[in-house]
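Examination of the molecular architecture
What follows is the residue order along each chain.
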Amino acid sequence: MSPLRGPAHLRTALSASFRRRFHAQAPPGGGLDESGPLACRLESRSVVRFRGPDTLKFLQGLLTNDVRRLGAADPPGSGGSSSDTSASFIPTQNLDFRPPPPLYAALLTPQGRFLYDLFLYRPPRADEKLDRTGSGPGSDDSGEPFTLMADVDSAFVDELLDCFKKYRLRSKVEIDNVAKEYFCWQRFGSNRLTKVPSAQEPETASVGWGKGIDHTAISSTQGNDVGWQWFKDPRLDHLGFRGIFPSNSIPPLVEADKEVGEQHYLIWRYQKGIPEGSYEIPKGEAVPLEYNLVGLNAISFDKGCYVGQELVARTHHRGVIRKRLFPLKFLNDKGEELQQAVSPNSEIKDGESNKKVGAVTAALGCHGLGLVRLEEALKQSSNLCIKDKEEVSVKIIKPDWWPIEWMQLEEQQSAAA
């Protein structure tokens, strides 16, 4: 989708129109867990480029994750990573450059509330790839600036750019919207990382010019002068693979009969309780830990200071979180799934006490995401429904990816309550 431009009220209207059109489509049928590897272009995401010698330092002081990891160069056999962004090596046909895996991070308000999420990628430099003949290293252009690419929410891309430029001050960083040049893609489906790579997809280690690989050894490069490739989703293994690719080509391993609309990916995320973007994680309001950003590898607690760190660190170390984001399913009184019966921001209440226990943050078909009080969510006998739609019951599902310590802590909190 093209980036939204123009005045703030026009961008808001356009983004709202897109959401209405998108969610009005018929939701995909069941069986996503058995449908195998699917791929979709993420129209709801755009690409932003950070370029310049101060890029790492600039982002390190702003984002919740340790961005310095993207400056490491880790050639095979090196035995570790280097923090020197100028580190390089001579690529050969038998020695592939290992770019650092992408990073998921968030930008917060000074008060520790969520603003934007970003997937950060470091593209390989020319001297870290083979040349076009594949017989030698690419040219060493010492003047090539350090570059990171970010996959961000399309509806807020202009606001995000303005926000970063406000913080830039004298930092030597160029920040550009390159959404016309690159698209974001997701590759997902059942058991994406449980099969043996060589048996499942033998071509993935060698597709493309430059043959860059990630540490999962289950990815492939795009055959062009940029060297983009699929990477394991930095949040959770079973979310599949994610990548940025040139807008004028289809990524490798995307089969024609397996390319689907983005609503399939939404359903996939909602079933697992994974929020994404500044609508599903309400901009300026959401507390990051309530929306499970720690479990999604978006927050580092040993990187040092960043904007909004105080509230995040205090909440984490106190260990008291009274609400969390859960996957939801909407049913009728017979236990049958209800399609398109609930809209975001609907209030969830206890049918017996008539008290509010949470709110729906996203919904599509019979699935959704909701921020719910743990005390109520952990009750097996809870009679939850939608306010003013008592015929719509709400089933809360505990995600299977939650760390055991989360579940133990929540059980302790529930018992104490």
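Scroll up for the structure.
I will try to describe carefully the structure that is included in this document. Computed from a predicted structure; not experimentally measured.

1. Comments concerning helix H7 (residues 309–318)
- Residues of H7 that are buried include every one of Leu311, Val312 and Thr315, and no others. Each buried residue of H7 sits inside an arc of 100° when the element is viewed along its axis, so together they form one side. Residues Glu310 and His317 are exposed on H7 and point more than 90 degrees away from its buried face.
- Positive backbone phi, approximately 70°, marks Gly319, located one or two places after H7.

2. Thoughts on helix H3 (residues 157–168)
- Compared with an ideal rise of 1.5 Å per residue, which puts 12 residues at 16 Å, H3 spans 16 Å between its outermost C-alpha atoms and is within 8% of the ideal.
- Inspection of H3 places Val157, Asp158, Leu160, Leu161, Cys163 and Phe164 among the buried residues, and these make up the whole buried set.
- Backbone geometry just downstream of H3 places Leu169 in the positive-phi region, at approximately 50°.

3. With respect to the side chain of Thr361
- Relative to the assigned elements, Thr361 resides in strand S12 (residues 356–364).
- If near-sequence neighbours (up to four positions away) are discounted, Thr361 is found in contact with Tyr279, Glu280, Tyr291, Leu325, Pro344, Leu369, Gly370 and Leu371.

4. A word on the pairing of strand S11 (residues 347–350)
- Sheet topology places S11 next to S12; 3 bridges connect them, and they run antiparallel. Looking at the pairing, Lys349 lines up with Lys356 of S12.
- Hairpin remark: S11 followed by S12, antiparallel, with 5 residues in the connecting loop; positive phi at Asn354, about 65°.
- Bridge count between S11 and strand S14 (residues 384–386): 3 bridges; the pairing is antiparallel. Along S14, the bridge assignment pairs Lys349 with Cys385.

5. Overview of the environment of Leu338
- Inspection of the secondary structure assignment puts Leu338 in the loop between strand S10 (323–331) and S11.
- Discounting chain neighbours no more than four positions away, the residues touching Leu338 are Phe330, Leu331, Asn332, Gly365, Cys366, Glu391 and Val392.

Reading the values: the criteria
- Residues numbered from 1 in each chain as written.
- Predicted model: local features only at pLDDT ≥ 70, side-chain atom pairs only at ≥ 80, totals over all residues.
- Heavy atoms only, no water.
- Buried < 20%, exposed > 50% of the residue type's maximum accessible area, 1.4 Å probe, protein only.
- Helix = DSSP H or I, 4+ residues; strand = E, 2+ residues; numbered from the N terminus.
- Arc of directions from axis to C-beta.
- Expected span 1.5 Å × (residues − 1).
- Contact = heavy atoms within 4.5 Å.
- Pairing = 2+ DSSP bridges.

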